[in-house]
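Okay, here's what each chain looks like letter by letter:
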Amino acid sequence: MKADRKSVVRKLKIARGQLDGILKMVEEDRYCIDISTQILAAQAVLRSVNQEILQAHIRGCVRDALETDQPNPKLEEALEILEKMAQ
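Heads up: these notes are all about the structure in this document. (Residues numbered from 1 in each chain as written. Predicted model: local features only at pLDDT ≥ 70, side-chain atom pairs only at ≥ 80, totals over all residues. Heavy atoms only, no water.)

## A short note on the packing of helix α1 (residues 5–27) against helix α2 (residues 32–66)
Defined as follows: Interaxial angle, 0 to 180 degrees, is taken between N-to-C directions of lines fitted to C-alpha atoms, where a helix line uses only the stretch in contact. Every helix listed is a DSSP run of H or I at least four residues long, and every strand listed is a run of E at least two residues long, numbered separately from the N terminus. Roughly parallel means an angle under 35 degrees; roughly antiparallel, over 145; roughly perpendicular, 65 to 115; everything else is oblique. It is the rotation of the near helix from the far one that decides the hand of a crossing: anticlockwise by less than a right angle makes it left-handed, clockwise makes it right-handed. Here a residue-residue contact requires only that any non-hydrogen atoms of the pair lie within 4.5 Å. Each residue receives one of three labels: charged for Asp, Glu, Lys and Arg, nonpolar for Ala, Val, Leu, Ile, Met, Phe, Trp, Tyr, Cys and Pro, and polar for the others, Gly being one of them.
It is at 9 Å that the axes of α1 and α2 come closest, and there the two elements cross at 160°. Viewed along their axes, α1 and α2 adopt a mutual orientation that is roughly antiparallel. As for the relative orientation of α1 and α2, their crossing is left-handed in sense. Seen from α1, the contacting residues are S7, V8, K11, L12, I14, A15, Q18, L19, I22, M25 and V26; seen from α2, they are D34, I35, Q38, I39, A41, A42, V45, L46, S48, V49, E52 and I53. Looking at the contact of α1 with α2 residue by residue, the class counts come to 16 nonpolar, four polar and three charged.

Next comes the structure, spelled out in structure tokens:
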């Protein structure tokens, strides 16, 4: 992985903490809007870390793959993940 590992790990730990908090809120039968707000916050962190990883992949792996005349599986992988994100 070419992304900043420290940043990625930090963000994923934040998301994990948010998910633990959301689970506790559900178990405690907390107010629905509060739960939904926390779910949106967790999604935002996951989107952020995913963007960081994909940007590093494109700037590193895909760029390196484009420098050859060989078939380009890295480019196809990047395109496939972007297609999944658009769904």
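From this point, the discussion proceeds with the structure in view.
## Description of the packing of α2 against helix α3 (residues 73–86)
Here α2 crosses α3 at 155°, and the two axes come no closer than 9 Å. As far as their axial angle goes, α3 and α2 are roughly antiparallel. By crossing handedness, the relation of α2 to α3 is classed as left-handed. Residues N50, L54, H57, I58, C61, V62, A65 and L66 of α2 form the contact with α3, whose own contacting residues are K74, L75, E77, A78, I81 and M85. Taken together, the residues of the contact of α2 with α3 sort by class into 10 nonpolar, two polar and two charged.

## Let's talk about a nonpolar patch on the surface
Counted only if it meets this: A patch consists of residues exposed above 30% relative accessible area that lack any salt bridge, with like charges linked at up to 9 Å and nonpolar side chains (Val, Leu, Ile, Met, Phe, Trp, Tyr) linked at up to 5 Å. For the accessible areas, the method is Shrake-Rupley and the probe is 1.4 Å, while residue cover comes only from the protein chains on display. What makes a salt bridge here is a side-chain nitrogen of Lys or Arg within 4 Å of a carboxyl oxygen of Asp or Glu, nothing more. Between buried and exposed lies partly exposed: a residue is buried under 20% and exposed over 50% of the maximum accessible area for its type, with that area taken using a 1.4 Å probe on protein chains only.
Together, I58, L79, I81, L82 and M85 line one region of the surface with nonpolar side chains, adding up to about 420 Å² of accessible area. Take the nonpolar patch: its biggest share by element is four residues, from α3. When you line up the elements, L79 lands in helix α3. Given a relative accessible area of 44%, L79 falls into the partly exposed group.

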